[in-house]
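Structural overview for review
Okay, here's what each chain looks like letter by letter:
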Amino acid sequence: MQAITREQLINKAVALLADGTVKYVLGWKKGEFDYDITPAVFETAEELNADFVWNDFCGANFSKYLVAKTRKLDGKILVFLKPCDTYSFNQLLTEHRFDRDKVYAVGIPCNGMADIAKVKEVCGDGISSIATEGDALAVTTIYDDEPVKVAVESVLAERCLNCKSKKHVAYDELMGEDGDTLDSNRFDEVAKLEAMTPDERFAFWQNELSRCIRCNACRDVCPACTCEKCVFDNPTSGVENKAPANSFEEKMFHIIRAFHVAGRCTDCGECSRVCPQNIPLHLLNRKFIKDINEFYGEYQAGAEVGSRAPLVNYTTEDLEPGEVFDRRDTNA
Amino acid sequence: MRKCSLDSLNAVFAKIAEAAELYLPVNCTDGSAAFSKWEEGKEWSNNLNTVKSPKEFFFPQTEDLVAFKTSGKNIEIIDTRKEREDFVVFGVRACDVKAFEVLDNVFLLKEPYDSYYTNRREHGVIISVACNRPADTCFCKTFGIDPADPQGDISVWKTADSLYWQANTERGAALLEKIADLTEDCDTAAVDAEKEKITKIMSKLPLANLTTEGWGAGKTQELFDSPIWAEMSEACLGCGTCTFVCPTCQCYDIKDFNTGKGVVRFRCWDSCMYSDFTKMSAGQPRLSQKERFRQRFMHKLVYYPENNNGLFSCVGCGRCVAKCPISMNIAKVMKKIGGKENE
Amino acid sequence: MNNVEALIPKIGVITDIRIDTPDIKTFRVVTPDGEKPFEHRPGQCAMLSMPGVGEAMFSITSSPTNTEYMEFSIKKCGCVTEWLHQAEVGQQVTVRGPYGNPFPVDDAFRGKNMLFVAGGVGLAPLRSVINYCRHYRENYGTIDIVYGSRSKDDLLDYREIIEEWSKDEGVNVHLTIDREQEGWDGHVGFVPNYVKELGFSTDKTAILCGPPIMIKFTLDGLYSLGFEKTQIYTTLEMRMKCGIGKCGRCNVGSKYICKDGPVFRFDELDELPDEY
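Residues numbered from 1 in each chain as written. Chains lettered and ligands numbered in written order. Predicted model: local features only at pLDDT ≥ 70, side-chain atom pairs only at ≥ 80, totals over all residues.

Time to look at the overall build of chain B. Per the secondary structure count, chain B includes 11 helices and 12 strands. Taken over the C-alpha trace, chain B has a radius of gyration of 22 Å; the compact-globule value for 343 residues is 20 Å, and the two agree within 12%. Each principal axis of the C-alpha distribution contributes one length, and for chain B these read about 65 × 65 × 40 Å. Counting across all 343 residues of chain B, residues that qualify as buried make up 50%. The contacts in chain B between residues at least 6 apart in sequence include a share of 70% that link residues at least 24 apart. (Helix = DSSP H or I, 4+ residues; strand = E, 2+ residues; numbered from the N terminus. Rg over C-alpha atoms; globule rule 2.2 N^0.38 Å. Buried ≥ 20, exposed ≤ 12 C-beta atoms within 10 Å, placed from the backbone. Contact = placed C-beta atoms within 7 Å.)

Residue and element names in this part refer to chain C. Those residues of helix α1 (residues 79–86) that sit buried are Val-80, Thr-81 and Leu-84. The buried side chains of α1 occupy one side of the element, clustering within an arc of 95° when seen end-on. Exposed positions of α1 whose direction lies more than 90 degrees from the buried face are Glu-82 and Gln-86. Looking at the buried residues of α1, the elements they touch are β2 (24–30), β3 (45–50), β4 (54–59) and β5 (70–75). (Arc of directions from axis to C-beta.)

For the rest of this paragraph, the subject is the sheet that holds strand β1 (residues 10–21) of chain C. Residue and element names in this part refer to chain C. Read from one edge to the other, the open sheet built from 6 strands follows the order β4-β3-β6-β1-β2-β5, with strand pairing classed as antiparallel. Either end of the sheet is taken by a strand with one partner, and the two such strands are β4 and β5. The mean inter-strand angle of the sheet, taken between neighbouring strand axes irrespective of direction, is 40°. Summarising the sheet, β3 and β4 pair through 6 bridges and their orientation is antiparallel. For Met-47, the partnering residue across the bridge sits in β4 and is Met-57. Sheet strands touched by α1: β2, β3, β4 and β5. Its angle to β4, the strand with the most contacts, is close to 85°. (Pairing = 2+ DSSP bridges. Axes fitted to C-alpha atoms, helices over the stretch in contact; angles between N-to-C directions.)

Here we take up the interface of chain B and chain C. Contact with chain B, which involves 40 residues of that partner, is made by 34 residues of chain C. At the level of secondary structure, the elements contributing two or more residues to the side of chain B that touches chain C comprise β4 (62–71), β5 (74–78), α2 (94–107), α6 (220–224), β11 (252–258), β12 (263–269) and α9 (289–307) of chain B. Here the side of chain B that touches chain C is built from residues that sort into 20 nonpolar, 10 polar and 10 charged. (Nonpolar A, V, L, I, M, F, W, Y, C, P; charged D, E, K, R; others polar.)

Let us now look at the sheet that holds strand β11 (residues 204–209) of chain C. Residue and element names in this part refer to chain C. Spatially, β10-β9-β8-β7-β11-β12-β15 is the arrangement adopted by the 7 strands of the open sheet, whose pairing is mixed. On the outer flanks of this sheet lie β10 (187–188) and β15 (263–265), each paired with one strand and no other. Of the strand pairs in this sheet, strand β12 (residues 232–235) and β15 are connected by 3 bridges, and their pairing is antiparallel. Bridge assignment links Tyr-233 to a residue of β15, and that residue is Arg-265. The sheet contacts of helix α4 (residues 191–198) involve β7 (113–119), β8 (143–149), β9 (171–177) and β10, and relative to β8 the element is tilted by about 145°.

Residues and elements named next belong to chain B. The domain architecture assigned to chain B consists of domain 1 (2–61 + 81–204) and domain 2 (220–261 + 268–342). Taking the mean C-alpha position of each, domain 1 and domain 2 sit 27 Å from one another. Contact with domain 1, which involves 23 residues of that partner, is made by 20 residues of domain 2. When its residues are assigned to classes, the side of domain 1 that touches domain 2 shows 13 nonpolar, 5 polar and 5 charged. (Domains from an automatic or database assignment.)

This brings us to the interface of chain B and chain A. Across the contact, 42 residues belong to chain B and 33 residues belong to chain A. Elements with a contribution of two residues or more to the side of chain B that touches chain A: α5 (189–204), α8 (241–245), β11, β12 and α11 (330–338) of chain B. Looking at the side of chain B that touches chain A residue by residue, the class counts come to 22 nonpolar, 9 polar and 11 charged.

So, on to the nonpolar core. Counting 259 residues, the largest nonpolar core has Val-79 of chain A together with Phe-116 of chain C as the members making the most contacts within it. Those residues in contact with Phe-116 of chain C, other than ones at most four positions away along the chain, are Leu-126, Ile-130, Asp-144, Ile-145, Val-146 and Ile-207 of chain C. (Core = buried A, V, L, I, M, F, W, Y, C linked by C-beta atoms within 7 Å.)

Glancing now at the packing of α4 of chain C against helix α5 (residues 212–224) of chain C. Residues and elements named next belong to chain C. Contact geometry of α4 with α5 gives a least axis separation of 8 Å together with a crossing angle of 15°. Here α5 runs roughly parallel to α4, going by the angle between their axes. The element α4 and its partner α5 pack so that their crossing is right-handed. In this structure, α4 contributes Val-191, Pro-192, Val-195 and Lys-196 to the contact, and α5 contributes Met-214, Phe-217, Thr-218, Gly-221 and Leu-222. Split into classes, the residues belonging to the contact of α4 with α5 amount to 6 nonpolar, 2 polar and 1 charged. (Parallel < 35°, antiparallel > 145°, perpendicular 65-115°, else oblique. Left-handed = near helix turned anticlockwise from the far one by under 90°.)

Encoded structure:
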């Protein structure tokens, strides 16, 4: 269960609309089921009361929407940010991607979001309703007479299991208690990959990436991917989007993307959340984060606005390319 | 009708695979199912739904059309087409079988025929399976599809211990003949019971009451300018997920790929959700995601029916409902824009 | 159309390149045997490509009555066109077609007085119709051609217009350029205004082709002169890939511009959503 309630969030939004602080509210909108939630712009108390939701399936990170919405909308926007969302928010500000003055950010606590795929692994398909009961979800399916109780903890999204921070690094106003950054085990999976032989590692990624359908959802949702014209949309780049011309190019897409967001990726995990093929794309980015930490010292993209990432900040203490190579050899 | 025990399924698959390449849904390492070529040791997934639809057997995501060699000012055209070998696709759900009809109308039945598609269609045998475990995202019934009675060359019903086979076409009968040693004659009692069970499940689905009311041929003027398109497309990422998991989406791009030794002209799935889909050097008729989003649904629910005697080009497979990153989908669009909620 | 060849092109050879304007060249194309690549009707299009560069749809500007070759007037504005503009005579390209519906030159247009209105490279698709009507002169009434461009140098087919069209009996050519220019003593002003000034009687069938803004204001002008939608035609431009109404990108409403168009009468366009 989330620490803060839907009613509290609606009341906050309604109050800020009423006193003129904001004109729009970026929030989660209810869907057909209890878990298919769509980001939406709300303008009135009526709309909020009718459709606003806040539950264990509100995973979407709104930060990237601010890039388009602040340009399009003619007034201040209230955005609710979970702790991990605030890192993307800061990173976008560092890159001057939206006008901070047009945003009113309210930090909200998050106890982790459930992954509907994991819920379905436990309860099967055919879910007719999901109710929150304390720290559990009561899942009713059309195949069972009684609801199945599932502990939220057991169906948390990967990124929430490895949550890096319960602390908000950006907000105008905070609701509830702020948390701390956490010592997560998020690099354990990367370490496992590093421990593989090159052949094993190649086989691992071959298997995962062979499922890619090149839908571009990972890129389109990624808060680090805000280029006005993406290289994969450029017909003369030779790596245009759409179909892989061969299996090599399919991997190139993800590898190029990982390189492009290296040092800027906050590890928000949206890429893996939206992947229709459950490819653990975050591991590619996390490998870069781990390397950066090890080569240049701890660095968390988005922890503060305006910080210079190690990859764009030359110092004489920087590792020489040769040293990186040596290190790779001992690691491999 | 013929029957075999589930225990003997491996032998049946082996027998079919002797005659032709056999494809069926198998489990992937991430727990989802995908069509894969059968070989000894591969098992039919319990997961009836696959992330990618079987349309790729006839309309692959990428395929070479023709090749060129250039030297100086000269060009040589190389026809790279080959006759497809016979193949069998096992375990296709009723919705996905219906999707082949949608694609046939475009590629097979309207001149000029698509020779690439036709070639594959002529060599593919479809074994469908009755869907006894529809998901919450399913709404095939909305489009008049009965998951208990799937079409295709052969229909198959699965019960707790057996598989029941019924040939619907000559090709299907010929294939059943090949596995006659491994199956036995039976009556339809078990299948009838299974059908009844499926029908009961269908009525319980969350989208059971979704209708096509308000949609169909002739609705362009009424629906095109609805203000709700803007609202519903607001959060659309413009990715191609819905299009690429869709069993009926048929748009494609044609591109050249320089292999270093020559040029291969290939086609690949394209998405009307992509901003460059209609972009020309002279301008862009669909300026924002609203227009692109609208195109996808108008095409499936209005334009396509107009050109195909009222047939909708959605089969309610639910893949886009399950996979959209922002959970916006055709079911929501149908209800909100065409349905009663709009009144 | 032969189904086998639907997406597989044939070889064409560029045998002549005429520089029309600073950014428009006219390419003459035949097969390696020196024949016309295929038969077409006025207003139809063809796909030209250079392997490795891309394929694009162009209107065939030569008239079907030309039995020797095919011509394409192409403005430099994208990958394929830029490549074509640097090509030399003797260069091979690939060509496939014909695509789309033609102008109804042998039925609806027959016996009619014709009014052609074009702007810039918009004359290219109309040239085949104009020359077809000139060839079968007895089948049509008067022919009026209003054509304008940015400057004198930007007028397409200028020599043909002056030396052939304007010398024909019953053919009236009205040229205009956007701004005054040295060495130009003809009309100056935008096409839509010129059409209104000329004040055509409504006993004509009008065909428009040019930039969207020109179409819009010319239409207003024609309506104010009393023209009906049913007597005005145009040809549309959309991004195309397959040319056979399947790949989906030129889909507008239930029509595919490459197959059901590109030629439309304005009352037919009313049936389509405004998305072209």
